[in-house]
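Understanding the architecture of this molecule
So you can see what is in the structure, the chains are spelled out below.
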Amino acid sequence: MIEDRGFIIHQGAIPADAQERLVADIRAVAAAAPFFSPETRGGRRMSVRMTSAGRYGWFSDRRGYRYVERHPSGVPWPPIPESVLALWRTYGSRARDPDCCLVNYYGAGAKMGLHRDADEADFSWPVLSISLGDPARFRMGGPERSDPSRSIPLESGDVVVIGGAARLSYHGIDRIAFGGSRLLPKGGRINLTLRVVD
Ligand code: SIN
Ligand code: FE2
């Protein structure tokens, strides 16, 4: 376990067979609620493709970022898989389950700019991040956008707790090493973030 700027990184937390199980469960989520590329408030397409599971899904368009109860197609989000909830109960909280599992897919060249996860009602709950597939550089800053930041490698099977002093800290993904893992046969990286919404 490493702690850096309040971010807690559990390297190699998920064994290989459990990673395979998670990918299979996420494929089932994506079959019911297909990946889409949200628009930012500024009207640009995000390079990351997204979907969600749970009572809420994360959504963005020109009206801004928010949680919504349905996939853009109108179907409710599928339930959060048990394999994912088990990780939340180990590394996130045993007190309650999350409302949303945001699923981000990073293909070749995808990245995520520095941002804070601040659309939730109660910041005493952590956000739990689960990395699957290709390696990535995770950038961690502080509560202000101008705070110094540094990046660390995240590998398939790593779990990051964004809680406590880091709960409202800026973070993002600089780049991924496309094809650097064999977990996803076509390459790319899946990141799951679990959130208590309201
Ligand atoms: C996020 O901050 O929403 C995603 C972080 C990651 O992909 O590791
Ligand atoms: Fe985030």
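Reference entry: report on the structure contained in this document.

Basis of the calculations
- Residues numbered from 1 in each chain as written.
- Chains lettered and ligands numbered in written order.
- Predicted model: local features only at pLDDT ≥ 70, side-chain atom pairs only at ≥ 80, totals over all residues.
- Heavy atoms only, no water.
- Phe/Tyr/Trp six-rings, centres within 6.5 Å; stacked < 30°, edge-to-face > 60°.
- Lys NZ or Arg CZ within 6 Å of the ring centre and 35° of its normal.
- Near = heavy atom within 4 Å.
- Polar contact = N/O pair within 3.5 Å; in protein donor to acceptor, adjacent residues only side chain to side chain.
- Areas by Shrake-Rupley, 256 points an atom, 1.4 Å probe, with all protein chains shown as cover.
- 1 Å grid on protein atoms, 1.4 Å probe; cavity = no way out; pocket = protein on both sides within 12 Å on 5 of 7 lines; lining within 4 Å.
- Sits in = over half its atoms within 2 Å of the grid points.
- Helix = DSSP H or I, 4+ residues; strand = E, 2+ residues; numbered from the N terminus.
- Buried < 20%, exposed > 50% of the residue type's maximum accessible area, 1.4 Å probe, protein only.
- Pairing = 2+ DSSP bridges.
- Points joined across faces, edges and corners; volume = space filled by probe spheres on them.
- Nonpolar A, V, L, I, M, F, W, Y, C, P; charged D, E, K, R; others polar.
- Contact = heavy atoms within 4.5 Å.
- Donors = N, O, S within 2.8 Å, 3.2 Å for Na, K, Ca; no water.
- Tetrahedral: all angles 85-135°; square planar, octahedral: opposite > 155°, others 65-115°.

Quick notes on the packing of aromatic side chains
In this structure the tally under the stated criterion is five aromatic pairs. Seen from the ring of Trp-125, Arg-96 lies directly overhead, with NZ or CZ sitting 5.8 Å from the centre. Sitting above the plane of the Tyr-106 ring, Arg-189 keeps its charged end 5.0 Å from the centroid.

Examining the site of ligand 1
Near ligand 1 you find Asn-104, Tyr-106, Met-112, His-115, His-171, Ile-173, Arg-189, Asn-191 and Arg-195, and these make up its full shell. Here an oxygen atom of ligand 1 sits 2.5 Å away from a polar atom, N or O, in the side chain of Tyr-106. At 2.9 Å, a side-chain N or O of Arg-189 approaches an oxygen atom of ligand 1. Taken by itself ligand 1 offers 260 Å² of open surface, and the protein chains cover 98% of this. When each cavity is represented as a set of grid points, ligand 1 is found to reside in the largest pocket. Of all the elements in the fold, those that place two or more residues in the shell around ligand 1 are strand E6 (100-106), strand E7 (112-115), strand E12 (171-176) and strand E13 (189-195).

Describing the pairing of strand E9 (residues 136-140)
Residues Ala-136, Phe-138 and Met-140 of E9 are buried on one face, while the alternating residues Arg-137 and Arg-139, pointing to the opposite face, are not. Alignment of E9 against strand E10 (residues 150-154), held across five bridges, turns out to be antiparallel. When the sheet's bridge partners are listed, Ala-136 is paired in E10 with Leu-154. Looking at chain direction, E9 and E12 are connected through five bridges and run antiparallel. Note on E12: the bridge partner recorded for Arg-137 is Arg-175.

A short note on the layout of surface pockets
The space that makes up the largest pocket amounts to roughly 710 Å³. What lines the largest pocket is a set of 35 residues, among which Met-46, Tyr-65, Met-112, Gly-113 and His-115 lie closest to the centre. Listing elements by their share of the lining of the largest pocket, those giving two or more residues are strand E5 (64-68), E6, E7, E12 and E13. Within the lining of the largest pocket, the residues separate by chemical class into 15 nonpolar, ten polar and ten charged. Put simply, the second largest pocket is a space of about 250 Å³. Every residue lining the second largest pocket is listed: Val-23, Ile-26, Arg-27, Ala-30, Phe-35, Arg-49, Tyr-105, Leu-184, Pro-185, Lys-186, Gly-187 and Ile-190. Looking at the lining of the second largest pocket element by element, the count peaks at four residues for helix H1 (residues 16-32). Residues of the lining of the second largest pocket, tallied by class, amount to eight nonpolar, one polar and three charged.

Topic: the side chain of Arg-195
Looking at where Arg-195 falls in the secondary structure, it is placed in strand E13. When its relative accessible area of 5% is taken as the criterion, Arg-195 is described as buried. Reaching out from Arg-195, the side chain makes a polar contact with the side chain of Asp-117 at a distance of 3.2 Å. Here Glu-120 takes part through its side chain, which lies 3.3 Å from a polar atom of the side chain of Arg-195. The residues touching Arg-195, leaving out its near neighbours within four places in the chain, are Trp-58, Tyr-67, Pro-98, Asp-99, Cys-100, Leu-102, Asp-117, Glu-120 and Val-127.

Side note on the coordination of the iron ion (ligand 2)
Protein coordination at the iron ion (ligand 2): the donors are His-115 (NE2), Asp-117 (OD) and His-171 (NE2), at 2.1 to 2.3 Å from the metal. One way to put it: the four donor atoms around the iron ion (ligand 2) meet at angles of 87 to 175 degrees, and that makes the site irregular. Every donor residue of the iron ion (ligand 2) comes from the same chain, spaced as H-x1-D-x53-H. Taken together, the residues Asp-117 in the loop between E7 and strand E8 (127-133) and His-171 in strand E12 connect sequence positions 54 residues apart. Of the two residues, Asp-117 and His-171, both sit in the buried class.

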